[in-house]
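# Chain and residue survey
Listed below, chain by chain, are the residues.
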Amino acid sequence: QVQLVESGGGMVQAGGSLRLSCRSSERPYSSHVMAWFRRAPGQEREFVAAVRWSNGLTYYSDSAKGRFTISRERADYTVSLQMDNLKPEDTAVYSCAVGTSPSHNVRDYFRWGQGTQVTVSS
């Protein structure tokens, strides 16, 4: 089965940057999208950004737009999330996922990584 492995999480001060990566064990189908979600303790997962594997079109939540950049590296079966100007409210476990459309609904995604912790201090 397809597995997703995230990396790049850590601790950073407010205003700093982190780059998350998610590697798939298999090449995604052209019709797939790969997305990043985040979840704070005790809360539901929240959509952050997505990219269409076929053409690289990107989609962002309002909170991510202008600060985060999602991209794909097709040769490596990898999707990355460059996060700049991080804020304490960005603190969460970030997970990547594979779905069939760039939806904000977690139910539209069928494969999830284990997640990586991002902590932003004041």
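Refer to the preceding data block for the structure.
These lines cover the structure that appears in this document, whether it is placed above or below. Just so you know, these numbers come straight off a predicted model, no measurement behind them.

Ordered by their spatial adjacency, four strands build an open sheet running S1-S3-S8-S7, and the pairing between neighbours is antiparallel. What marks the edges here is a single partner per strand, and that holds for strand S1 (4-7) and strand S7 (68-73). Neighbour-to-neighbour, the strand axes of this sheet turn through a mean angle of 15 degrees, independent of strand direction. Looking at chain direction, strand S3 (residues 18-24) and strand S8 (residues 78-83) are connected through six bridges and run antiparallel. When the bridges of S8 are listed, cysteine 22 appears paired with valine 79.

The next point concerns the packing of aromatic side chains. In this structure the tally under the stated criterion is four aromatic pairs. Relative to phenylalanine 47, the ring of phenylalanine 37 has its centre 5.6 Å away and its plane inclined at 80 degrees; by these criteria the two rings are edge-to-face. Of this pair, phenylalanine 37 sits in strand S4 (residues 33-39) while phenylalanine 47 is found in strand S5 (residues 46-52), placing the two residues ten residues apart along the sequence. Every member of this aromatic cluster is reached through a ring pair, and the members are Phe37, Phe47, Tyr109 and Trp112. The residue whose ring lies beneath arginine 45 is tryptophan 112, and the NZ or CZ to ring-centre distance is 3.8 Å.

A word on the environment of threonine 91. Here threonine 91 is to be found in the loop between S8 and strand S9 (92-99). Once the C-alpha coordinates of threonine 91 and serine 61 are considered, the two residues, 30 residues apart in sequence, prove to be 16 Å apart. Contacts of threonine 91, omitting those with residues within four sequence positions, involve Ala40, Gln117, Val118, Thr119 and Val120. In terms of polar contacts, threonine 91 uses its side chain to reach the backbone carbonyl oxygen of proline 88, at 2.9 Å. Reaching out from threonine 91, the side chain makes a polar contact with the backbone nitrogen of valine 120 at a distance of 2.9 Å.

Conventions used here
- Residues numbered from 1 in each chain as written.
- Predicted model: local features only at pLDDT ≥ 70, side-chain atom pairs only at ≥ 80, totals over all residues.
- Heavy atoms only, no water.
- Pairing = 2+ DSSP bridges.
- Helix = DSSP H or I, 4+ residues; strand = E, 2+ residues; numbered from the N terminus.
- Axes fitted to C-alpha atoms, helices over the stretch in contact; angles between N-to-C directions.
- Phe/Tyr/Trp six-rings, centres within 6.5 Å; stacked < 30°, edge-to-face > 60°.
- Lys NZ or Arg CZ within 6 Å of the ring centre and 35° of its normal.
- Contact = heavy atoms within 4.5 Å.
- Polar contact = N/O pair within 3.5 Å; in protein donor to acceptor, adjacent residues only side chain to side chain.

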